[in-house]
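What follows is the residue order along each chain.
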Amino acid sequence: MTTPDVHLLTGAYALDALDEFERRQFQRHLTECPECTQEVAELRETAGRLALAVSEGSPSKLKNMVLARITGVRQEPPLTPGTQPRGRERDRGALALRLVSVAAAVAAVVAAGLGIVAIDSQSQLNAARGALTWVQSQQNAVTELLSAPDLRAVPAQNGKASVLISQRLDRGMALLSGMPDQPATSTYQAWAIVGGIPRSIGLLGVHGTSTAPLIFGGLRGVHQIAMTVEPAGGSVRPSMTPVVVFAV
Amino acid sequence: MDESVRATWAPGRGGPSPEELLMQVARGSETAFEQLYDVVVGPVHGVVRRVVRDVAQSEEVTQECLVDLWRTASRYDPTRGSAVSWALTLAHRRAVDRVRSAQARADREQKAGAMAPGREFDEVADAVAIRLEREQVRRCLSTLTELQRESVMLAYYGGKTYPEVAELLKSPLGTIKTRLRDGLIRLRDCMGVA
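The notes below deal with the structure included here. All of these numbers come straight from a predicted model, not from anything done at the bench.

1. A few points about the overall build of chain B
Summing up its helical and strand segments, chain B has 10 helices and 0 strands in all. Shown N-terminal to C-terminal, the secondary structure of chain B runs as helices and strands in the order α-α-α-α-α-α-α-α-α-α. By the burial criterion, 48% of the 194 residues in chain B qualify as buried. If you sum the accessible surface of chain B, you get close to 9000 Å²; carbon and sulfur atoms cover 49% of it.

Now the structure itself:
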């Protein structure tokens, strides 16, 4: 049990009302929360009654088809202690929900990557492969950061975006969550402020990908992270006052 | 689970319980599988039909669920709940996966999703107006607040995620998350599921 908020997801989980990434996040939570596991079991049992209430006859040919099919299907071996998913995850307090939204953000990136896999030429196939590789590397970077023992959320002085950093990994992640999308002609740009001088750390929300996290490195000497709105493609120097500032 | 329900879920008085059947299935018994099939196929097909809608696709998903039941029987842990509930969890999950991947494909192909006006209202009205065959379920659902009932029914029978439910019911995310949980808890207590 990390926060009461996470615990509240038992109902949505039992009804399969979580998206894939939030679901995985919650399943991880379940491995360390026996009360939630018990509650989920009961709520699933309850949901089962809802299925029972809409019970319906099925065509008899279905039974023959299923019985014929199983003769050719190998059964999975039982889970043994060695193959049980590991349940050791550190308590992250208030960060837990943030992680859920980060997971959702990664899901959006993955979805964006997979979105172009409607392939009818070799070049499209190559583009799809490239996108998938990028998505995977991005996801690995996010996963690594999320498991850093010293991960912390940097409070914003204004605005709604989020910044999470790990000094140990010397890496951070910025998310636009809650900020309005920019039109195609402009973009958000994030800056690390070192000794009063801004250094660009990348663009966010390009082409409406407002949920994709931006991973950045090099935290030494950085005392602020700021975000500005810049012309599409970004700027060398910030051209306006920041819309949001994080004190590292 | 109370005895009356167990009796109606089991193939017949004195026969093996669904749990015993499922454990025999895990050891490779096709005979046990056939008996278990008869117990679960009605609700499995019913819930898949509710969520998936399309007749041909529903039959396909039902078939996949039942083959899954055979394939993954060894993963069933009787301490985590009844065998029927396990099968129905698997079925609902499969059905939801099917509609969500179809939805994702449709969204990609037709960017704006082309939501026809009035569709949102219809989905809510439709989910809530489901004809329920069980008096106990009907009675217990009637003890829920309107928002609890609509949320639970849209999520379960409509296969919606809770942000989608929030959107359809014009309610904050946190409220829907809470209503899904307290609605189910009230149902659980009303139905005597322990």
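2. Here's the deal with the environment of A:Glu56
Mapping A:Glu56 onto the fold places it in the loop between helix 4 (34-52) and helix 5 (60-70). The exposure class of A:Glu56 is partly exposed, given its relative accessible area of 30%. A:Glu56 has contacts with B:Val41, B:Gly42, B:His45, B:Gly46 and B:Arg49, leaving out every residue within four places of it along the chain. A distance of 3.0 Å separates polar atoms of two side chains, one belonging to A:Glu56 and the other to B:Arg49.

3. Side note on the state of the cysteines
Applying the stated criterion across every chain, the model contains 2 disulfides over all chains. Through a disulfide, A:Cys33 is tied to A:Cys36; the S-S separation comes to 2.2 Å. One disulfide, between A:Cys33 and A:Cys36, carries an S-S torsion of 65° and so falls in the right-handed class. You can call A:Cys33 buried: its relative accessible area is 0%. Linked covalently through their sulfurs, B:Cys140 and B:Cys190 form a disulfide whose S-S length is 2.0 Å. Disulfide B:Cys140-B:Cys190: the torsion about the S-S bond is -80°, which places it as left-handed.

4. A word on unusual backbone geometry
Notably, A:Asp170 is not glycine yet its phi reads approximately 55°, a positive angle. Along the chain, A:Asp170 turns up in the loop between strand 2 (162-166) and strand 3 (171-175). For B:Arg53, which is not glycine, the phi dihedral falls at a positive 75°. Relative to the elements of secondary structure, B:Arg53 occurs in the loop between helix 3 (30-52) and helix 4 (55-71).

5. Re the pattern of salt bridges
A full pass over the atoms with the stated rule returns 23 salt bridges over all chains. Three or more residues joined by partner-sharing salt bridges are found here, namely A:Glu76, B:Glu60, B:Glu64, B:Asp68, B:Arg71, B:Arg75, B:Arg94 and B:Arg98.

6. Description of the interface of chain B and chain A
Interface size is often expressed as the accessible area that is lost when the parts come together. Counting residues at the interface gives 70 residues for chain B, matched by 53 residues for chain A. Summed over both sides, the interface of chain B with chain A buries roughly 5600 Å², with 61% coming from carbon and sulfur. The interface formed by chain B and chain A contains 10 salt bridges. Across the salt bridge formed by B:Arg75 and A:Glu76, the nearest N and O atoms sit 3.2 Å from each other. Seen at the junction of chain B and chain A, the total is 28 residue pairs in polar contact (both at pLDDT 80 or more). Here the element with the most residues in the side of chain B that touches chain A is helix 3 of chain B; it accounts for 13 residues. Along the lines of polarity and charge, the residues of the side of chain B that touches chain A split into 33 nonpolar, 16 polar and 21 charged.

7. Describing the sheet that holds strand 7 (residues 222-231) of chain A
Residues and elements named next belong to chain A. The antiparallel open sheet is built from 4 strands, whose spatial order is 5-4-7-8. Both edges of this open sheet fall to strand 5 (197-204) and strand 8 (244-247), since each of them pairs with a single strand only. With direction set aside, neighbouring strand axes in the sheet form an average angle of 25°. Summarising the sheet, strand 4 (residues 186-194) and strand 5 pair through 7 bridges and their orientation is antiparallel. Looking at strand 5, one finds that Ala190 is bridged to Gly202.

8. Digging into the layout of surface pockets
Looking at the second largest pocket, its volume works out to about 1500 Å³. Around the second largest pocket, the lining comprises 34 residues; the ones closest to its centre are A:Tyr13, A:Gln27, A:Arg44, B:Arg80 and B:Trp86. Breaking the lining of the second largest pocket down by element, the ones donating at least two residues are helix 3 (20-30) and helix 4 of chain A together with helix 5 (83-109) of chain B. Looking at which element gives the most residues to the lining of the second largest pocket, the answer is helix 5 of chain B, with 7 residues. Of the residues in the lining of the second largest pocket, the class split is 10 nonpolar, 10 polar and 14 charged.

9. Some thoughts on the nonpolar core
In terms of nonpolar packing, the biggest core is built from 78 residues, with B:Phe33, B:Val40, B:Val48, B:Leu132, B:Tyr157, B:Leu180 and B:Leu187 touching the most fellow members. In terms of residues, this core owes the most to one element, helix 3 of chain B, which gives 12 residues. The residues touching B:Phe33, leaving out its near neighbours within four places in the chain, are A:Val66, A:Leu67, A:Ile70, B:Val25, B:Leu66, B:Leu69 and B:Trp70. Counting residues in hydrophobic clusters, the runner-up holds 20 residues, among them A:Val163, A:Leu204, A:Met227 and A:Phe246.

10. Structural notes on helix 4 of chain B
All names here are of chain B. For helix 4, which comprises 17 residues, the first-to-last C-alpha distance of 24 Å matches the rise-based estimate of 24 Å (1.5 Å per residue) to within 8%. The complete set of buried residues in helix 4 reads Ser58, Glu59, Val61, Thr62, Gln63, Cys65, Leu66, Val67, Asp68, Leu69 and Trp70. For helix 4, the N-terminal capping position is held by Asp54, with its side-chain oxygen 3.3 Å away from the main-chain nitrogen of Ala56.

Rules behind the numbers
- Residues numbered from 1 in each chain as written.
- Chains lettered and ligands numbered in written order.
- Predicted model: local features only at pLDDT ≥ 70, side-chain atom pairs only at ≥ 80, totals over all residues.
- Heavy atoms only, no water.
- Helix = DSSP H or I, 4+ residues; strand = E, 2+ residues; numbered from the N terminus.
- Buried < 20%, exposed > 50% of the residue type's maximum accessible area, 1.4 Å probe, protein only.
- Areas by Shrake-Rupley, 256 points an atom, 1.4 Å probe, with all protein chains shown as cover.
- Contact = heavy atoms within 4.5 Å.
- Polar contact = N/O pair within 3.5 Å; in protein donor to acceptor, adjacent residues only side chain to side chain.
- Disulfide = S-S within 2.5 Å.
- Salt bridge = Lys/Arg side-chain N within 4 Å of Asp/Glu carboxyl O.
- Buried area = accessible area lost by both parts, 1.4 Å probe.
- Nonpolar A, V, L, I, M, F, W, Y, C, P; charged D, E, K, R; others polar.
- Pairing = 2+ DSSP bridges.
- Axes fitted to C-alpha atoms, helices over the stretch in contact; angles between N-to-C directions.
- 1 Å grid on protein atoms, 1.4 Å probe; cavity = no way out; pocket = protein on both sides within 12 Å on 5 of 7 lines; lining within 4 Å.
- Points joined across faces, edges and corners; volume = space filled by probe spheres on them.
- Core = buried A, V, L, I, M, F, W, Y, C linked by side-chain atoms within 4.5 Å.
- Expected span 1.5 Å × (residues − 1).

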